[in-house]
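So the chains spell out like this:
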Amino acid sequence: MYVVKSPLSEADLKTVSEALQGALVDLVDLSLVAKQIHWNVVGPRFRSVHLQLDEVVDTARLHSDTVAERAATLGVSPDGRAATVAGTSGIGKVPDGWVKDTDAVGALVDALGAVITRMRTRVESTAEPDPVSQDIFIGITADLEKHHWMFQAENG
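In this text, all values refer to a predicted model and were calculated from it rather than measured experimentally. (Residues numbered from 1 in each chain as written. Predicted model: local features only at pLDDT ≥ 70, side-chain atom pairs only at ≥ 80, totals over all residues. Heavy atoms only, no water.)

J.: When you look at the overall build of the chain in this model, what are you seeing that I'm missing?
T.: From N to C terminus, the chain includes five helices and two strands. Counted from the first residue to the last, the chain has its helices and strands arranged as α-β-α-α-β-α-α. Relative to its length of 156 residues, the chain is compact, with a C-alpha radius of gyration of 16 Å against a globular reference of 15 Å. With the principal axes as the frame, the chain shows a C-alpha extent of 55 × 30 × 20 Å. Considering the chain as a whole, with its 156 residues, one finds that 47% of them fall into the buried category. In the chain, of all internal contacts separated by at least 6 residues, the share reaching a separation of at least 24 is 84%. Charge centroids of the chain, computed over 14 positive and 22 negative side chains, lie 4 Å from each other. (Helix = DSSP H or I, 4+ residues; strand = E, 2+ residues; numbered from the N terminus. Rg over C-alpha atoms; globule rule 2.2 N^0.38 Å. Buried < 20%, exposed > 50% of the residue type's maximum accessible area, 1.4 Å probe, protein only. Contact = heavy atoms within 4.5 Å. Lys, Arg positive; Asp, Glu negative; His and termini not counted. Charge placed at Lys NZ, Arg CZ, Asp CG, Glu CD.)

J.: Can you help me understand the pattern of salt bridges in this one?
T.: For the structure shown, the criterion picks out eleven salt bridges. Salt-bridge contacts for Asp96 lead to Lys93; the nearest nitrogen and oxygen are separated by 3.2 Å. Like Asp96, the residue Lys93 is exposed in the burial classification. When the shortest N-O distance is used, the salt bridge between Arg120 and Glu145 registers 2.8 Å. (Salt bridge = Lys/Arg side-chain N within 4 Å of Asp/Glu carboxyl O.)

J.: Before we go on, may I ask you to explain the packing of helix α4 (residues 101–125) against helix α5 (residues 131–155) in this structure?
T.: A packed helix pair is summarised by two numbers, namely the angle formed by the two axes and the spacing between the axes. The contact between α4 and α5 brings their axes to 9 Å, and the two run at 155 degrees. As judged from the angle between their axes, α4 and α5 are roughly antiparallel. Once α4 is placed against α5, the crossing between them reads as left-handed. Along the lines of polarity and charge, the residues of the contact of α4 with α5 split into 13 nonpolar, nine polar and four charged. (Axes fitted to C-alpha atoms, helices over the stretch in contact; angles between N-to-C directions. Parallel < 35°, antiparallel > 145°, perpendicular 65-115°, else oblique. Left-handed = near helix turned anticlockwise from the far one by under 90°. Nonpolar A, V, L, I, M, F, W, Y, C, P; charged D, E, K, R; others polar.)

J.: Would you take a moment to explain the nonpolar core for this structure?
T.: Soluble globular proteins: nonpolar side chains tend toward being buried together. Core analysis: the biggest nonpolar cluster contains 44 residues, and Leu30, Leu108 and Leu144 have the highest contact counts within it. The set of elements that each furnish at least two residues to this core consists of α1 (10–40), α2 (46–73), α4 and α5. Here this core gets 13 residues from one element, more than from any other, and that element is α1. Contacts of Leu30, omitting those with residues within four sequence positions, involve Val56, Ala60, Ile91, Leu108, Ala111, Leu112 and Leu144. (Core = buried A, V, L, I, M, F, W, Y, C linked by side-chain atoms within 4.5 Å.)

J.: What is the right way to look at the side chain of Gln52 in this model?
T.: Topologically, Gln52 is positioned in helix α2. Given the relative accessible area of 9%, Gln52 is considered buried. Those residues in contact with Gln52, other than ones at most four positions away along the chain, are Met150, Phe151 and Glu154.

J.: Could you clarify how one ought to interpret the UniProt feature "domain: Ferritin/DPS" (unreviewed entry) in the chain in this entry?
T.: The UniProt feature table records "domain: Ferritin/DPS" (unreviewed entry) at residues 18–153. For residues 18–153, helix accounts for 78% and strand for 3%, while the C-alpha atoms at its two ends are 33 Å apart. (UniProt positions renumbered as here; feature names shortened; annotations may be inferred.)

J.: What am I meant to see in the packing of α1 against α5 here?
T.: As a packed pair, α1 and α5 sit with axes 11 Å apart at the nearest point and diverge in direction by 25 degrees. Our classification of the angle between α1 and α5 gives roughly parallel. Here α1 and α5 pass one another in a crossing that is left-handed. Contact residues: Val16, Ala19, Leu20, Ala23, Leu27 and Leu30 in α1; Ser133, Phe137, Ile140 and Leu144 in α5. Taken together, the residues that form the contact of α1 with α5 break down as nine nonpolar, one polar and no charged.

Pasting the structure below:
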C-alpha cells in the first residue's frame, strides 16, 4: 500500500529507496555503536573520547531522521527496527565490555570508515535518479568524514 506517491519512476524509486534504507540502517547502527562504546570507554582520555562519541551519536541520529523522512516523502516506508538494523548494517562487531580509549577510537575509525564507504556508493547511485536524495547523502558523508578525521587524529 502506497500512502504517498513518488514522482520518481519505479526503477529510480527502487534505486533511491534501497539507498535510503541502507543509509538509515547504517546511521541507526552507528548511533548505537557509538553509544555502546561511550558507556564502556575507559582510560586516560576517557572524558574527551566519551564526549566525542556523543557528537557522533547526535550526528547519526539527526541524519537518520532526515533519511527516514526523505524515504517517507517518496512513499517508501522506512524500517529502523532492531532486527532490520542488526541484519543489514555494514558496521562490523564492536568490542564487548570495557573498551580502552585507544581501542574505542580505533573501533569508531573502523565504523565510520565502513559507513562512509557505503555512503559514497549511495552518492554515486542516486546522482541520476534523484539529486535531492544525493544531496542528502553528500551532506551526511561530509559530516561523517569530519568525525572520521577527528577520530583518526586521536590515535595519531
